[in-house]
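Notes for the structure review
Chain by chain, the residues run as shown.
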Amino acid sequence: MCAVRIIRIPLTILLLVLPLSVAAPQAQSQQGQSGQDTTQAQPSQVVIPVAWIPQRAEAARGDMRAIQERLARTDPVNTTVEALQAFTESLTSALEDPAFRPGEGASLRTLDGIRRRWRPFQVRLAGWKRTLDMETESVSAERDSLLQTRRLWERTRASAVEEAAPEALLDRITSLLDEIDIVDLQLLERLDRVLSAVDQVGWGQRSIDEILTQVESAEIAARERLLAPDSPPLWQAILAPADTLTLAGQVVASWRETWREWSSYA
């Protein structure tokens, strides 16, 4: 009898505990899955509570006013766009000027002068390119942020309609969405203007690079001309027959003339 009791007690405890131990992981699993589903669904369901709508709407209007004030200011971007229009005319004239292009048989000194003439144009274009690229990034970031704000208020309005919010609040949200569209249109116009200026800068840089490529080719040709003999060697001229001795005389005369010039300079 004692042996039976010793065995029965553990079995009874085991039968009581086993369902709980099996059920606990299942409950934790279901709870974790439910929490995961809630976390995944949460971002798409974020809305502004009805009680916070007036305050958040006023803050959003403040952000948009700041954007409009920045766009209205005379800043380096506006200055760049205006200066670039006049600069393009000067650049076009320079591209048509023979003094800014390598001519046939140009010397290294002439080619170096052409390269130096284009240097100020390159510096100004590079500076404007940096300014315009920074503005492009800024405007694009503002448009992305504005798009997220619009989506937030669209979800908020739909939620407020479901909650039967006061008509005044719904009108306020609608008015705010209209203002967001206006500011986004202003940003889009600014972006179009900046990108047009970027295209002008790119055209100028490509045009100058093309001429400088021609200058490099002309420099290679000029160096080859310096190394290539354009007359017989001096020893051949001195030992040449009588009918060609005049060449030796020309060489000697040239050296004498050079010596007189240096002596006179000294």
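As a further point, take the layout of surface pockets. Each pocket or cavity is described by its volume, and for the largest pocket that value is around 180 Å³. Every residue along the wall of the largest pocket is listed here: R56, A59, A60, D63, M64, I67, E142, S145, L146, T149, L152 and W153. Contributions of two or more residues to the lining of the largest pocket are made by α2 (53–72) and α4 (108–162). The residue inventory of the lining of the largest pocket, partitioned by class, reads 7 nonpolar, 2 polar and 3 charged.

Using the criterion set out here, one finds 12 salt bridges in the structure. One salt bridge connects E135 with R70, and the closest N-O pair in it is separated by 3.3 Å. Highlighted residues: E135 in helix α4 and R70 in helix α2, separated in sequence by 65 residues. Neither residue differs from the other here; E135 and R70 are each classed as buried. D112 serves as the salt-bridge partner of R116, at 3.1 Å between the closest nitrogen and oxygen. Residue R116 and its partner D112 are both found in helix α4; the two are separated by 4 residues, about one turn of the helix. Via salt bridges that share partners, R70, E135, E142 and R190 belong to a single interconnected network.

Between two packed helices, the angle of one axis relative to the other and the distance separating the axes together describe the packing. Axis separation between α2 and α4 bottoms out at 12 Å; the angle between their running directions is 160°. Judged by the angle between their axes, α2 and α4 are roughly antiparallel. The hand of the α2/α4 crossing is left-handed. From α2, I53, R56, A57, A60, M64, I67 and R70 reach across to α4, where they touch E135, S138, V139, E142, L146, L152, W153 and T156. Residue composition of the contact of α2 with α4, by class: 9 nonpolar, 2 polar and 4 charged.

Although it is not a glycine, A164 adopts a positive phi angle of roughly 55°. Considering the arrangement of structural elements, one finds A164 in the loop between α4 and α5 (167–227).

In this section: the confidence of the model for the chain. The predicted model of the chain averages 77 in pLDDT, with 68% of residues at 70 or higher. Within the chain, the lowest mean pLDDT, 40, falls on helix α1 (residues 2–41), and the highest, 94, falls on α4. Note that pLDDT drops below 50 for residues 1–44; the model gives that stretch 1 contact with residues more than four away or on any other chain. Residue range residues 240–247 is modelled with pLDDT below 50. Its contacts to residues more than four positions away, or to other chains, number 6 contacts.

Compared with the 81 Å implied by 1.5 Å per residue over 55 residues, the 80 Å span of α4 between its first and last C-alpha is a close match. If you look at α4, its biggest bend is around 30°, right at R119, and the proline P120 turns up within four residues after that. Directly after α4, the chain includes A164, whose backbone phi takes a positive value near 55°.

Let us now look at the packing of aromatic side chains. Within this structure, the stated rule accounts for 5 aromatic pairs. Between F87 and F121, the aromatic rings sit 5.6 Å apart at their centres with planes inclined by 50°, giving tilted as the arrangement. Of the two residues, F87 is situated in helix α3 (residues 76–96) and F121 in helix α4; the sequence distance between them amounts to 34 residues. With respect to burial, F87 and F121 carry one shared label: buried. Ring geometry for F100 versus W118: centroids 5.1 Å apart, planes at 65°, classification edge-to-face. A residue pair is termed long-range when its members are at least 10 positions apart, and F100 in the loop between α3 and α4 and W118 in helix α4 qualify at 18 residues.

The terminal C-alpha atoms of α2, which comprises 20 residues, lie 28 Å apart, in line with the 28 Å expected from a rise of 1.5 Å per residue. Turning to α2, its buried residues are I53, A57, A60, R61, M64, I67, R70 and L71.

At a closest axis distance of 11 Å, the pairing of α3 and α4 adopts a crossing angle of 150°. The angle between α3 and α4 places the two elements in the roughly antiparallel class. Two packed elements cross with a definite hand, and for α3 against α4 that hand is left-handed. Taken together, the residues of α4 that come into contact with α3 (itself represented by P76, V77, T80, A83, L84, F87, S90, L91, A94 and L95) are W118, F121, R124, L125, W128, T131, L132 and E135. Of the residues contributing to the contact of α3 with α4, the split by class is 13 nonpolar, 3 polar and 2 charged.

What counts and what doesn't
Sequence positions are assigned chain by chain, starting from 1 and proceeding in written order. This being a predicted model, a pLDDT of at least 70 is required before a residue's local features are given, and a value of 80 or more before pairs of side-chain atoms are given or counted; all residues contribute to the totals for chains, interfaces and linings. As a rule here, side-chain values come from all non-hydrogen atoms in the structure, and water together with hydrogens is ignored. Grid points spaced at 1 Å over the protein atoms alone were grouped into cavities, where a 1.4 Å probe fits but cannot get out, and pockets, open sets with protein on both sides within 12 Å along at least five of seven lines, with lining residues defined by an atom within 4 Å of a point. Grid points are joined across faces, edges and corners, and a volume is the space filled by probe spheres set on the points. Think of it this way: any DSSP run of H or I at least four residues long counts as a helix, any run of E at least two long counts as a strand, and we number them from the N terminus. All residues other than Ala, Val, Leu, Ile, Met, Phe, Trp, Tyr, Cys, Pro, Asp, Glu, Lys and Arg, Gly among them, are scored as polar; the first ten of these are nonpolar and the last four charged. By definition, a salt bridge exists where a carboxyl oxygen of Asp or Glu is found within 4 Å of a side-chain nitrogen of Lys or Arg. The buried label goes to any residue with under 20% of its type's maximum accessible area, the exposed label to any with over 50%, and the partly exposed label to all in between, with areas taken from a 1.4 Å probe on protein chains only. Axis angles are defined between N-to-C directions and span 0 to 180 degrees, where every axis is a line fitted to C-alpha atoms and, for a helix, only to the segment in contact. Angle categories are assigned with fixed cut-offs, so that under 35 degrees is roughly parallel, over 145 is roughly antiparallel, 65 to 115 is roughly perpendicular, and the rest are oblique. Helix crossings get a hand from a simple test, with the near helix turned counterclockwise from the far one by less than a right angle marking a left-handed crossing and a clockwise turn marking a right-handed one. Throughout, a contact is declared for two residues whenever any of their heavy atoms are within 4.5 Å. Known as pLDDT, the predictor's confidence for each residue is given on a scale from 0 to 100. Here the expected length of a helix is defined as 1.5 Å per residue gap, with one fewer gap than residues. The bend at a residue is defined as the angle formed between two axes, one fitted to the seven residues ending at that residue and one fitted to the seven starting there. Note on aromatic contacts: the rings of Phe and Tyr and the six-membered ring of Trp form a pair at centre separations within 6.5 Å, being stacked when their planes are under 30 degrees apart, edge-to-face when over 60 apart, and tilted otherwise.

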